[in-house]
Amino acid sequence: MGKVGFIFDLDGVIVDTAKYHYLAWRKLANELGFEFTKEQNELFKGVSRKRCLEILLDIGNVKATQKQFDTWMIEKNLDYLAYIEKMDASEILPDVPRVLNFLKERNIPIALGSASKNAQPILEKVGLLPYFDSIVDGNNVAKAKPDPEVFLIAADNLKVKPELCVVFEDAVAGIQAANAADMVSIGIGDLDILNEAQYNFKDFTEIDNQFLELLLNKNK
Ligand code: BG6
Ligand code: MG
């Protein structure tokens, strides 16, 4: 049938950076005079930086000039960069290295498919960059998730047919993107939120090697 490929989202799948995005957005919201809750932050998962700011300003009912909008985008990112500056391997989510090693030992191509423009430095900081054969991130795509573009580019880079790719995602928009790309979608996180995924797990500790073997052999 052909070889399989694995595509990982970054934020919330490989590392728990959602908390840093949240702190940076909350700081901006507070400066603009309103609250931004953890529940509201759920809406930001998998969503581009620009779209996040649009949603944030809607929440606070704040009107912005183009100049203010651009300034706030930069400010939020500088605050976020200050948080991720201190990141190291201890922030890799449980059992991610086991799964990556399992795939590497079997020469399975691995890609990153993320909306973030900070993906590469984060992978470098946590020491996982060498595992990835291709990195597709917010710098390489025109259309944001739920558009399948990011995953289709990743599949193309890996030279694997989309229908033979497996995607790990923690965002609703990401699961929709994987489904739209005709890939196997695996939700990492809350089943109630990620119910459009083909398979669901709370985190990688629930994904055993037997299930990974099943994914590898599914298309043989
Ligand atoms: C996604 C996150 O991975 O990247 C979003 O889930 C974030 O919350 C988006 O807004 C863009 O990230 P960045 O690092 O380019 O601001
Ligand atoms: Mg994510």
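Residues numbered from 1 in each chain as written. Chains lettered and ligands numbered in written order. Predicted model: local features only at pLDDT ≥ 70, side-chain atom pairs only at ≥ 80, totals over all residues. Heavy atoms only, no water.

(A) How the structure looks around the nonpolar core. Phe6, Phe8, Ile14, Leu128, Phe132 and Phe168 are the most contacted members of the largest nonpolar core, which has 56 residues in total. The residues touching Ile14, leaving out its near neighbours within four places in the chain, are Phe8, Asp9, Glu91, Ile92, Leu93, Val96, Leu112, Leu128 and Phe132. Counting residues in hydrophobic clusters, the runner-up holds 16 residues, among them Trp25, Cys52, Leu53 and Leu57. (Core = buried A, V, L, I, M, F, W, Y, C linked by side-chain atoms within 4.5 Å. Buried < 20%, exposed > 50% of the residue type's maximum accessible area, 1.4 Å probe, protein only. Contact = heavy atoms within 4.5 Å.)

(B) Summary view of the packing of helix H1 (residues 18-31) against helix H3 (residues 49-60). Packing of H1 against H3 brings their axes to within 11 Å, and their N-to-C directions diverge by 40 degrees. Taken together, H1 and H3 sit at an angle that is classed as oblique. Both H1 and H3 take part in a crossing whose hand is right-handed. Across the interface between the two elements, Trp25, Leu28 and Ala29 from H1 touch Arg49, Cys52, Leu53 and Leu56 from H3. (Axes fitted to C-alpha atoms, helices over the stretch in contact; angles between N-to-C directions. Helix = DSSP H or I, 4+ residues; strand = E, 2+ residues; numbered from the N terminus. Parallel < 35°, antiparallel > 145°, perpendicular 65-115°, else oblique. Left-handed = near helix turned anticlockwise from the far one by under 90°.)

(C) Structural detail: the coordination of the magnesium ion (ligand 2). Listed as protein donors to the magnesium ion (ligand 2) are Asp9 (OD), Asp11 (O) and Asp170 (OD); their distances from the metal cover 2.0 to 2.2 Å. In primary-sequence terms, the residues that donate to the magnesium ion (ligand 2) follow D-x1-D-x158-D. Taken as a pair, Asp11 in the loop between strand E1 (5-8) and H1 and Asp170 in the loop between strand E4 (165-169) and helix H8 (172-180) lie far apart in primary sequence, 159 residues in all. Residue class for Asp11 comes out buried when judged on its relative accessible area of 17%. (Donors = N, O, S within 2.8 Å, 3.2 Å for Na, K, Ca; no water.)

(D) Focus on the pairing of strand E5 (residues 184-188). By the criterion of burial, E5 is predominantly enclosed, with five of the five residues buried. Both faces of E5 are covered, namely the face carrying Val184, Ile186 and Ile188 and the face carrying Ser185 and Gly187. By the bridge criterion, four bridges tie E4 to E5 in an arrangement that is parallel. Of the residues in E5, the one forming a bridge with Phe168 is Ile186. Each parallel crossover has a hand, and for E4 linked through H8 to E5 it is right-handed. Alignment of E5 against strand E6 (residues 199-201), held across three bridges, turns out to be parallel. Opposite Ile186, over in E6, you have Tyr199 as the bridge partner. (Pairing = 2+ DSSP bridges. Right-handed = clockwise from strand over helix to strand, strands pointing away.)

(E) Here's a closer look at unusual backbone geometry. Cis geometry marks the peptide bond from Lys145 to Pro146; its omega dihedral reads 20 degrees. By the element assignment, Pro146 lies in the loop between strand E3 (134-136) and helix H7 (149-158). A positive phi angle, close to 70 degrees, is found at Asp95, a residue other than glycine. Along the chain, Asp95 turns up in the loop between helix H4 (66-84) and helix H5 (96-105). With a phi close to 60 degrees, Asn107 is a non-glycine residue in the positive phi region. Turning to its location among the elements, Asn107 is positioned in the loop between H5 and strand E2 (110-113).

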